[in-house]
Amino acid sequence: VNNTFEQHMGPQFKFAQFSFAAAAVEGEHREKFESAIECVKSGKTEREVANNVEMISLAGDAGMPIKRHFDWTVGKGQGDDLLLFGFPCSEQTVEQRTKDAELIDFFQNAPIALHWLSGEGIVLWANQTELDVLGYTAEEYIGQPIMKFCPDEEELV
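Residues numbered from 1 in each chain as written. Predicted model: local features only at pLDDT ≥ 70, side-chain atom pairs only at ≥ 80, totals over all residues. Heavy atoms only, no water.

Trainee: Could you give an account of the overall build of the chain, with specific residues and numbers?
Mentor: When helices and strands are tallied, the chain shows 7 helices and 5 strands. Starting at the N terminus and walking to the C terminus, you meet the elements of the chain as α-α-α-β-β-β-α-β-β-α-α-α. Taking all 157 residues of the chain together, 26% fall into the buried category. By sequence separation, contacts in the chain at least 24 residues apart represent 29% of the contacts at least 6 residues apart. Entry remark: accessible area of the chain is about 11,100 Å², with carbon and sulfur atoms responsible for 53%. (Helix = DSSP H or I, 4+ residues; strand = E, 2+ residues; numbered from the N terminus. Buried < 20%, exposed > 50% of the residue type's maximum accessible area, 1.4 Å probe, protein only. Contact = heavy atoms within 4.5 Å. Areas by Shrake-Rupley, 256 points an atom, 1.4 Å probe, with all protein chains shown as cover.)

Pasting the structure below:
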């Protein structure tokens, strides 16, 4: 814990009885943050990133609690120690990420089947409607040649 941490999050003693994630993060943001911590803690990866994590932070000279978004990098320290690096997100970044998420949701949940192919005809992405209509999971469909799922060329003529 350093001065910057105490300035944004509060004194260390506030976290003594809780995990950092449980004390400062709520809901789906906590799951994302705890997942990144667990990946490094378990040795699955050396470093993991959790972007756009909404946390309770301190603001101003009075230290009033507010919710802010942070991008976190979790890394392996010495022994069993973990290193956490948090970077506050600007309001513009949070706003852009929200717009991006809405656009992704729009395409992913569109009522018509959509897919994206590479120049070689490999399926790069497909929305849930396409997967449901064709009866495949994303794992079975994405990464495959589109012609694998099309009728023979002779039948198309």
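Trainee: Give me the lowdown on the pattern of salt bridges, citing residues and values where you can.
Mentor: Per the counting criterion, the structure on display carries 3 salt bridges. With a closest N to O distance of 3.2 Å, Glu26 and Lys67 form a salt bridge. One end of the pair, Glu26, is in the loop between α2 (20–24) and α3 (27–41); the other, Lys67, is in strand β2 (residues 64–76), and 41 residues separate them in sequence. A salt bridge links Glu95 to Lys99, with the nearest nitrogen and oxygen atoms 3.6 Å apart. Of this pair, Glu95 and Lys99 both sit in helix α4 (residues 91–108), 4 residues apart, which is roughly one turn of the helix. (Salt bridge = Lys/Arg side-chain N within 4 Å of Asp/Glu carboxyl O.)

Trainee: Can you lay out the environment of Arg30 for me, pointing to particular residues and giving the numbers?
Mentor: Looking at the element boundaries, Arg30 is found in helix α3. Assessed through its relative accessible area of 27%, Arg30 is described here as partly exposed. Distance in space between the C-alpha atoms of Arg30 and Phe20 is 9.8 Å, their sequence separation being 10 residues. Those residues in contact with Arg30 that sit more than four places away from it in its chain are Ala21, Ala22 and Val25. Looking at Arg30, its side chain comes within polar contact range of the main-chain oxygen of Val25, at 2.8 Å. (Polar contact = N/O pair within 3.5 Å; in protein donor to acceptor, adjacent residues only side chain to side chain.)

Trainee: Before we move on, can you summarise the nonpolar core with the specific residues and values?
Mentor: In this structure, Phe20, Val25, Phe33, Ala50, Val53, Met55 and Trp72 are the most contacted members of the largest nonpolar core, which totals 14 residues. No other element matches α3, which puts 4 residues into this core. Ranked by size, the runner-up nonpolar core spans 6 residues in total, among them Val123, Ala126, Leu131 and Tyr141. (Core = buried A, V, L, I, M, F, W, Y, C linked by side-chain atoms within 4.5 Å.)

Trainee: Any details on unusual backbone geometry? Residues and values, ideally.
Mentor: What is expected of a backbone is that most residues other than glycine have negative phi and most peptide bonds are trans. Of note, Asn52 is a non-glycine position whose phi angle comes to about 60 degrees, a positive value. Inspection of the secondary structure puts Asn52 in strand β1 (residues 47–59).

Trainee: Give me the lowdown on the environment of Trp125, citing residues and values where you can.
Mentor: Relative to the assigned elements, Trp125 resides in strand β5 (residues 123–126). Using a relative accessible area of 25% as the deciding quantity, one classes Trp125 as partly exposed. It is 8.7 Å that separates the C-alpha atoms of Trp125 and Tyr141, two residues lying 16 residues apart in sequence. Residue contacts for Trp125: discarding those within four places in its chain leaves Phe107, Gln108, Leu114, His115, Trp116 and Ile142.

Trainee: Report on a nonpolar patch on the surface, specifying residues and quantitative values.
Mentor: A contiguous nonpolar surface patch, about 300 Å² in accessible area, is contributed by Leu83, Phe85 and Phe87. For Leu83, the position within the fold is in strand β3 (residues 82–88). Residue class for Leu83 comes out partly exposed when judged on its relative accessible area of 41%. (Patch = residues over 30% accessible without salt bridge, like charges linked within 9 Å, V, L, I, M, F, W, Y side chains within 5 Å.)

These figures capture arrangement, not role.
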